[in-house]
Amino acid sequence: MTATLHVLCGKIGAGKSTLAKRLAAETGAIVIGEDHWLSTLYPAEIADLADYIRASERLRRAIASLIVELLTRGQDVVLDFPANTVVGRAWMLGLAQDAGVPATLHFLDPPDDVCRARMHARNASGEHPYQVDDATFDTFGAHFVVPVAEEGFVIVRTSSARSRFS
């Protein structure tokens with residue numbers, strides 16, 4: 001049995017975590033969620049994009065071998081990390097290549113106004129470890145790069161993800 005690495009691409013509020021849970025339920029995959037790990041390892045230490053990049057890079061170095069090991073052993077993995085830049089996606093594809101498994105990129109592409117509305121609803125719920133404002137949405141969104149097939153993924157594009165906050 002060959003495992004699959006599922007990676008998620010979409011702006012804040014696009015529905016990545018909702019899709020991660022659905023994929024796990026459908027495939028038996030293990031979800032590894034960046035927000036959970038970062039908020040646990042670095043509580044109250046991520047205030048801006050530079051803090052996020054530093055913490056995320058440390059986390060990625062720490063868990064890369066675990067992800068490869070799970071995939072090598074035949075376990076599907078959903079990386080609930082934002083695969084929103086070419087460099088980030090290259091790291092994820094490298095994990096799949098190291099494990100000798102395929103990588104599917106799920107590209108969630110709802111309009112920005114839908115993402116913002118979901119983000120505001122998520123903030124109001126108080127259930128998410130991070131409260132994101134419009135300026136942060138814009139800052140992170142400015143670094144977003146639409147994925148292309150030449151990057152080496154099987155790309156599954158979704159214009160609207162189901163979200164409990166929509």
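This one's a predicted model, so the numbers in the text were calculated from it and none came from an experiment.

**Student:** Lay out the sheet that holds strand E3 (residues 77–82) with the relevant residues and their values.
**Tutor:** With respect to topology, five strands assemble into an open sheet ordered E2-E3-E1-E4-E5, the strand pairing being parallel. Each edge of the open sheet carries a strand with a single partner, namely strand E2 (30–33) and strand E5 (154–158). Put simply, the sheet's adjacent strands are angled 20° from each other on average, direction ignored. Pairing between strand E1 (residues 5–9) and strand E4 (residues 103–108): five bridges, direction parallel. The residue of E4 that forms the bridge with Cys9 is Phe107. Sitting on the sheet, helix H3 (residues 49–72) touches E1, E2 and E3, and the angle it makes with E3 is about 170°.

**Student:** Residue-level account of the pattern of salt bridges, with values.
**Tutor:** Here the structure, examined in full by the defined rule, presents nine salt bridges. The residue Asp51 makes a salt bridge to Arg54 at a minimum N-O spacing of 2.5 Å. Of the two residues, Asp51 and Arg54 are both situated in helix H3; the distance of three residues between them amounts to about one turn of the helix. Residue Glu69 is joined to Arg73 by a salt bridge in which the shortest nitrogen-to-oxygen separation is 2.3 Å. When its relative accessible area of 37% is taken as the criterion, Glu69 is described as partly exposed. Arg73 gets classed as exposed once you look at its relative accessible area, which sits at 67%. Through salt bridges that share partners, Arg116, Asp134 and Asp138 make up one connected network.

Quick notes on the rules
- Residues numbered from 1 in each chain as written.
- Predicted model: local features only at pLDDT ≥ 70, side-chain atom pairs only at ≥ 80, totals over all residues.
- Heavy atoms only, no water.
- Pairing = 2+ DSSP bridges.
- Helix = DSSP H or I, 4+ residues; strand = E, 2+ residues; numbered from the N terminus.
- Axes fitted to C-alpha atoms, helices over the stretch in contact; angles between N-to-C directions.
- Contact = heavy atoms within 4.5 Å.
- Salt bridge = Lys/Arg side-chain N within 4 Å of Asp/Glu carboxyl O.
- Buried < 20%, exposed > 50% of the residue type's maximum accessible area, 1.4 Å probe, protein only.

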